[in-house]
Amino acid sequence: MQPAMMMFSSKYWARRGFSLDSALPEERPAAGSLTLNRSSSGKNEEKKGNKGNGKSESASEGGKTAVVFSLKNEVGGLVKALRLFQEKHVSMVHIESRKSKRRNSEVEIFVDCDCSKKEFNELIQLLKFQTNIVSLNPPENIWTDEEGKAVFVSLGLDTDRCFAQGFKDNVYRQRRKYFVDVAMSYKYGQPIPRVEYTAEEVKTWGVVFRELSKLYPTHACREYLKNFPLLSKYCGYREDNVPQLEDVSVFLKERSGFTVRPVAGYLSPRDFLAGLAYRVFHCTQYIRHGSDPLYTPEPDTCHELLGHVPLLADPKFAQFSQEIGLASLGASDEDVQKLATCYFFTIEFGLCKQEGQLRAYGAGLLSSIGELKHALSDKANVKTFDPKTTCLQECLITTFQEVYFVSESFEEAKEKMRDFAKSINRPFSVYFNPYTQSIEILKDTRSIENVVQDLRSDLNTVCDALSKMNRYLGI
């Protein structure tokens, strides 16, 4: 799996007049009747004719091939599917996604692979259990233009402003590999390595920072607006400077107890939520490609630093985030998916009411100019946040959300999540010990007694403070 691999969304192709439909047959063929080898080319014909070449037989066993599969449009679904490619050592040359026109609840994924026939066959067998195979080896001519050139490499000067350039830009791919190496080499407890961002990366960050800053005063919640100037003061949040994760982590630790840990890319919902339980936020360090600075199909450091960090500095919001993480520990895959969906519609795309106006607190909104405007417009469908119904809502990853959920406050959302967590079927409860930074499992009287002692100590401190206030201040 290429460490710098990009996910191309339907927004990308729609802007350029192309569609994933061109790679799909009009009727869905039976998987068993499909050929697993890519359509023949001039080079392949030459190899067939070279009977005396001992390499011809082995060459037919490998090369490029492709698969189109569909999966439910839900958080974590793509991660599970792509992990199978890594397990079978199948290299992905190109990947594209868009919302299925056959089923509204699904997304169709096109993957161009480079592997042997054996590896591909084994991959397909595994994919069948997690996805719906739509097509194997779409004909090459369907993916070409009138001149016979591949559409994803023949876009000409238009690529100067499109995200596809990230896939084609070898310098950018190497840069992404560098960030992968930094994240994989990091050990917990060490200072996060400082990155010297290039002039182009700083420029891209600056565009995103400048354009979003214009919207924050009228679209962001008050907690966000309170912390944003502090990040400018202590962490170097400026248009001409990309903040360093180490500075951000130290700042969050002092404000809310959260810390930051560098990550190479997507994590599974279970792993990501488990990090929140320990007040650890996994954060990327790479910058989106500069050809299209106002859009990215994957979370980059612009999304993390501008969308998530300002609110993670708020103690109440930080605790709300941790509550979702704690509820995921020991939960079934089904319940983790429900919690991930609640996280998606709150921490990523949540709205709240302040002074009678809708304001955004979701990081996905606060890092997206287009969707931030849309979510607070009359065109958006807004409903009251209720975890029992929100967890069933479809998460859209390639378009604006069909519905947004609003809470009166973070405290209200947290209480609703606590009640929802009680419905999760697990034979124990968990408690985060702030002194040891560890999770304690409450499953017997002794473990519960220890927590009660801590609470009694805290309660004595509060009672003593109230007594002194009454004595010296006459309260």
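Overview of the structure. Bear in mind that the values here come from a model prediction, so they are computed numbers and not experimental data. (Residues numbered from 1 in each chain as written. Predicted model: local features only at pLDDT ≥ 70, side-chain atom pairs only at ≥ 80, totals over all residues. Heavy atoms only, no water.)

Remarks on the nonpolar core
Operational definition: As used in this record, nonpolar core signifies buried Ala, Val, Leu, Ile, Met, Phe, Trp, Tyr and Cys residues forming a set joined through side-chain atoms within 4.5 Å. Relative accessibility decides the category of a residue: with a 1.4 Å probe and only protein chains considered, values under 20% of the type maximum give buried, values over 50% give exposed, and everything between is partly exposed. Helix and strand definitions follow DSSP, with helices as H or I runs of at least four residues and strands as E runs of at least two, each counted in order from the N terminus. Contacts were defined at the residue level, with two residues in contact if any of their heavy atoms lie within 4.5 Å.
Counting residues in hydrophobic clusters, the biggest one holds 76 residues, and the most contacted among them are Tyr224, Tyr237, Leu252, Leu273 and Leu306. Sort the elements by how many residues they give to this core and helix α14 (residues 333–348) lands first, with eight residues. Excluding residues within four positions of it along the chain, Leu252 makes contact with Gly257, Phe258, Val260, Val309, Leu312 and Ala313. Core analysis: the second largest hydrophobic core is formed by 21 residues, Val107, Cys113, Phe120 and Leu127 among them.

Things to note about the pairing of strand β11 (residues 429–433)
Strand residues, when the strand is regular, have side chains that alternate between the two faces of the sheet. Operational definition: Only strands joined by at least two bridges in the DSSP assignment are considered to pair.
Burial of β11 is extensive: four of the five residues sit out of reach of the surface. Inspection of the sheet shows β11 paired to strand β12 (residues 438–442) by five bridges, in the antiparallel sense. Bridging across to β12, Tyr431 finds its partner in Glu440. Between β11 and the antiparallel strand that follows it, β12, lie four residues; Gln437 among them carries a positive phi value of about 55°.

Description of the environment of Pro217
As for its placement among the helices and strands, Pro217 is situated in helix α8 (residues 199–219). As a C-alpha pair, Pro217 and Arg359 span 142 residues in sequence and 9.9 Å in three-dimensional space.

Some thoughts on a nonpolar patch on the surface
Definition in use: Each patch is built from residues lacking any salt bridge and having more than 30% relative accessible area; the joining distance is 9 Å for like charges and 5 Å for nonpolar side chains (Val, Leu, Ile, Met, Phe, Trp, Tyr). What sets the accessible areas is the Shrake-Rupley method with a 1.4 Å probe; for residues, cover comes only from the shown protein chains. By convention in these notes, a salt bridge is any Lys or Arg side-chain nitrogen within 4 Å of a carboxyl oxygen on Asp or Glu.
A surface patch of nonpolar side chains, about 650 Å² in accessible area, is lined by Leu459, Val462, Leu466, Met469, Tyr472 and Leu473. Take Leu459: it is sitting in helix α19 (residues 445–473).

Structural notes on the packing of helix α4 (residues 77–87) against helix α5 (residues 117–130)
Rules: To get an axis, a line is fitted to the C-alpha atoms, and for a helix only the part in contact is used. The angle between two axes follows their N-to-C directions and goes from 0 to 180 degrees. Any angle between 65 and 115 degrees counts as roughly perpendicular, while under 35 counts as roughly parallel, over 145 as roughly antiparallel, and the rest as oblique. Rotating anticlockwise by less than a right angle from the far helix to the near helix defines a left-handed crossing, while the corresponding clockwise rotation defines a right-handed one. Charged means Asp, Glu, Lys or Arg here, nonpolar means Ala, Val, Leu, Ile, Met, Phe, Trp, Tyr, Cys or Pro, and polar covers whatever is left, Gly included.
Close contact between α4 and α5 brings their axes to 10 Å; oriented N to C, the two are set at 165°. Considering the angle they form, α4 stands roughly antiparallel to α5. Regarding α4 and α5, the two cross each other, and that crossing is right-handed. Counting all contacts with α4, which are made through Lys80, Ala81, Leu84 and Phe85, the residues of α5 involved are Leu123, Leu126, Leu127 and Gln130. Of the residues belonging to the contact of α4 with α5, the class tally is six nonpolar, one polar and one charged.

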